[in-house]
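Each chain, letter by letter, is given below.
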Amino acid sequence: MKVKKAIIPAAGLGTRFLPATKTVPKEMLPIVDRPSILYIVEEAVRAGIEDIILIAGRQKTAIDDFFDVSYELEDKLAKDGKTEMVETLKKIRSMANIISIRQKQPLGLGHAVLCGRPIVGREPFAVLLGDEIMISKADQETTTETLAKSFSSTGLSTVAAMEVPESEVHKYGIVEGDKNADGTIRVRNVIEKPSKGQTQSRWALPGRYVFSAEIFQYLEETKPGKNGEIQLTDAMLQLAKSQGLLASSFQSRRYDAGDKLGFLQANIEVALDHPELSQSLREYLRRLAQTI
Ligand code: UTP
């Protein structure tokens, strides 16, 4: 079965980016000249997703507006002969069908995903976290594509996993499991932000998932866990125990754009590939490296 719907949870408070996120959603902070959310929507579209369910909180109307028409702006750009930019804006708004749902209180990632249930119904769906950027080359498979393909061929929910050093294990949801012959992991256990020594596993969840609709049933039953939030990882564990769950590595470069350092790294690396900026930034970084 093909995965055609995706949920993008973007209703968190973004406290790591205060004061900027007091009025600007972190998903609208730019990586060079495009908001983070655009990279995420593009990844979904490249994986064949047609309907995008955006879970937004207060002050998130900027995200909705970004995917909507701006008559005044487009009219002015057209009159000024800036047809290339008009085309870019048109392309953005016709990329996918964006459906916006409000999460009235930030009760956790699991709760945000559950908010998408009325639109997803009984279909399998992808989840792409609004503050995790995955950059893949034009000829490379996107992470969501890898997961959707795994779902189509195995019928099993599949989540992205990456190896992290021991010192970073406490920052992530961690999966434990056994390697299959094809390199995927059959998940046995899922632990939300384990404390030191709680797990030997280094397989962390970077925020890309494809689930069968059964996950909603487990989310409904999930009681608030760590930090009083409804944790997606708790429902994933139930899914792993009942239907089975796979974890897969991926090819893309990944940045935690909800974290200040990750956000800066994404900006620098994307700018290094940007035709307008590549050379001058490279020269600047070389000069700077000699002074620090
Ligand atoms: P994070 O925990 O990284 O986001 O959630 P946050 O709470 O906004 O960040 P900080 O720690 O306060 O800076 C991961 C993703 O889940 C979404 C966030 O928007 C982010 O994309 N999320 C989280 C929701 O949509 N709703 C929630 O209740 C919690």
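Since this is a predicted model, take the numbers as computed values, not measurements.

So, how was this worked out
Residues numbered from 1 in each chain as written. Predicted model: local features only at pLDDT ≥ 70, side-chain atom pairs only at ≥ 80, totals over all residues. Heavy atoms only, no water. Near = heavy atom within 4 Å. Polar contact = N/O pair within 3.5 Å; in protein donor to acceptor, adjacent residues only side chain to side chain. Helix = DSSP H or I, 4+ residues; strand = E, 2+ residues; numbered from the N terminus. Nonpolar A, V, L, I, M, F, W, Y, C, P; charged D, E, K, R; others polar. Pairing = 2+ DSSP bridges. Buried < 20%, exposed > 50% of the residue type's maximum accessible area, 1.4 Å probe, protein only. Contact = heavy atoms within 4.5 Å. Phe/Tyr/Trp six-rings, centres within 6.5 Å; stacked < 30°, edge-to-face > 60°.

1. Re the site of the ligand
Link 1 in the chain: Neighbouring the ligand are 19 residues, the closest being Gly 14, Thr 15, Arg 16, Gln 103 and Gly 108.
Link 2 in the chain: Thr 15 is positioned such that a nitrogen or oxygen atom in its side chain is 2.5 Å from an oxygen atom of the ligand.
Link 3 in the chain: Between the ligand and Gln 103 there is a distance of 2.7 Å, counted from a nitrogen atom to a side-chain nitrogen or oxygen.
Link 4 in the chain: When residues of the shell around the ligand are traced back to their parent elements, those giving at least two are strand 1 (5-10) and helix 5 (109-114).
Link 5 in the chain: Each residue belonging to the shell around the ligand can be placed in one class, and the counts come to 9 nonpolar, 6 polar and 4 charged.

2. So, the sheet that holds strand 6 (residues 125-128)
Link 1 in the chain: Taken together, 11 strands build an open sheet; the order of strands is 5-4-1-6-13-8-14-11-10-12-9 and the sheet is mixed. Strands at the two margins of the open sheet, each flanked by one partner only, are strand 5 (97-102) and strand 9 (162-163).
Link 2 in the chain: With 3 bridges joining them, strand 1 and strand 6 adopt parallel strand pairing. Counterpart to Ile 7 in the pairing with strand 6 is Val 127.

3. Thoughts on the environment of Lys 4
Link 1 in the chain: Looking at where Lys 4 falls in the secondary structure, it is placed in the segment before strand 1.
Link 2 in the chain: The exposure class assigned to Lys 4 is partly exposed, which follows from its relative accessible area of 35%.
Link 3 in the chain: Aside from chain neighbours lying at most four places away, what touches Lys 4 is Gly 48, Ile 49, Glu 50, Asp 51 and Glu 123.

4. Digging into the pairing of strand 13 (residues 208-211)
Link 1 in the chain: In strand 13, alternate side chains face the same way, and those of Arg 208 and Val 210 on one face and Tyr 209 and Phe 211 on the other are all buried.
Link 2 in the chain: Here strand 6 runs beside strand 13; their pairing, made up of 4 bridges, is antiparallel. In the sheet register, Phe 125 faces strand 13, and the bridge partner there is Phe 211.
Link 3 in the chain: Sheet topology note: the strand 8 (residues 157-160)/strand 13 ladder contains 2 bridges and is antiparallel. The residue of strand 13 that forms the bridge with Thr 158 is Val 210.

5. A few points about the packing of aromatic side chains
Link 1 in the chain: Per the stated rule, a full pass over the model turns up 5 aromatic pairs.
Link 2 in the chain: Between Phe 66 and Phe 67 the ring centres are 5.1 Å apart and the planes differ by 90°, which places this aromatic pair in the edge-to-face class.
Link 3 in the chain: Overall, Phe 66 belongs to the partly exposed group, its relative accessible area being 23%.
Link 4 in the chain: For the ring pair Phe 125 and Phe 216, a centre distance of 4.8 Å and an interplane angle of 5° mean the geometry is stacked. Of the two residues, Phe 125 sits in strand 6 while Phe 216 sits in helix 8 (residues 214-221), which places them 91 residues apart along the sequence.
Link 5 in the chain: Joined through ring pairs, the aromatic side chains of Phe 125, Tyr 209, Phe 211 and Phe 216 make up one cluster.

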